[in-house]
Amino acid sequence: MSVIARRESIQVAFEEVPRSIIFILYYWKKREESQVFQKSITSEENPFNVFNIEEGATYCFSAKALAVNINKTSNSTDSHCVSLPGEQNTNLPESQCCESSYLKNESEKMQCINAVSQFY
């Protein structure tokens, strides 16, 4: 199973899926393990793209194979987690990070620059 993070989706692909096998994909947002999503993936749906994801978040995936003809399920794969790109631009100078329409005046901008500079 390969998991590739993109800006607006995560692609999950399985190598050579025979028609007699269905993969049961489990995925969840890291630190929210109580809310696990499940998707059955056939050879026609491989690779599968997960949309409606949060930028900058980390998602984890595991899968089982189901042999339909004999109704046997494999053990789950190890979890594979990927972090999505976010909107953060930590390589920008402090003054650019604090250029925002939310900052009302020069005093707030200076407070922002002072706070951000502690992390550089």
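Bear in mind the structure is a predicted one, so any value in this text is a computation, not a measurement.

Reading the values: the criteria
Residues numbered from 1 in each chain as written. Predicted model: local features only at pLDDT ≥ 70, side-chain atom pairs only at ≥ 80, totals over all residues. Heavy atoms only, no water. Helix = DSSP H or I, 4+ residues; strand = E, 2+ residues; numbered from the N terminus. Buried < 20%, exposed > 50% of the residue type's maximum accessible area, 1.4 Å probe, protein only. Contact = heavy atoms within 4.5 Å. pLDDT = per-residue confidence, 0-100. Pairing = 2+ DSSP bridges. Axes fitted to C-alpha atoms, helices over the stretch in contact; angles between N-to-C directions. Polar contact = N/O pair within 3.5 Å; in protein donor to acceptor, adjacent residues only side chain to side chain.

**Details of the overall build of the protein chain**
Here is step 1: Check the secondary structure of the protein chain and you find 2 helices and 8 strands.
Here is step 2: The order of helices and strands in the protein chain, counted from the N terminus, is β-β-β-β-β-β-β-β-α-α.
Here is step 3: Classification of the 120 residues of the protein chain by burial places 30% in the buried group.
Here is step 4: Looking at the protein chain alone, contacts between residues at least 24 apart form 56% of all its contacts between residues at least 6 apart.

**Side note on the confidence of the model for the protein chain**
The predicted coordinates ought not to be read in detail in places where the model reports low pLDDT.
Here is step 1: Taken over all residues, the pLDDT of the protein chain has a mean of 79, while the share at 70 or more is 72%.
Here is step 2: In the predicted structure, residues 88-103 sits below a pLDDT of 50 and forms 22 contacts with residues beyond four places in sequence or in another chain.
Here is step 3: Low pLDDT, under 50, characterises residues 116-120; the predicted model gives this stretch 8 contacts beyond four residues in sequence or across chains.

**Looking at the sheet that holds strand E1 (residues 2-5)**
Here is step 1: Ordered in space as E1-E2-E5, the 3 strands form an open sheet in which the pairing is antiparallel. The sheet is open, and its two edges are formed by E1 and strand E5 (48-50), each paired on a single side. Neighbouring strand axes in the sheet, compared pairwise and without regard to direction, differ in orientation by 20 degrees on average.

**Considerations on the side chain of Thr-58**
Here is step 1: Secondary-structure assignment places Thr-58 in strand E6 (residues 58-67).
Here is step 2: Among the polar contacts listed, one links the side chain of Thr-58 to the side chain of Ser-83, at a separation of 2.8 Å.
Here is step 3: Once residues lying within four places of it in the same chain are set aside, the contact partners of Thr-58 are Trp-28, Lys-29, Lys-30, Cys-81, Val-82 and Ser-83.

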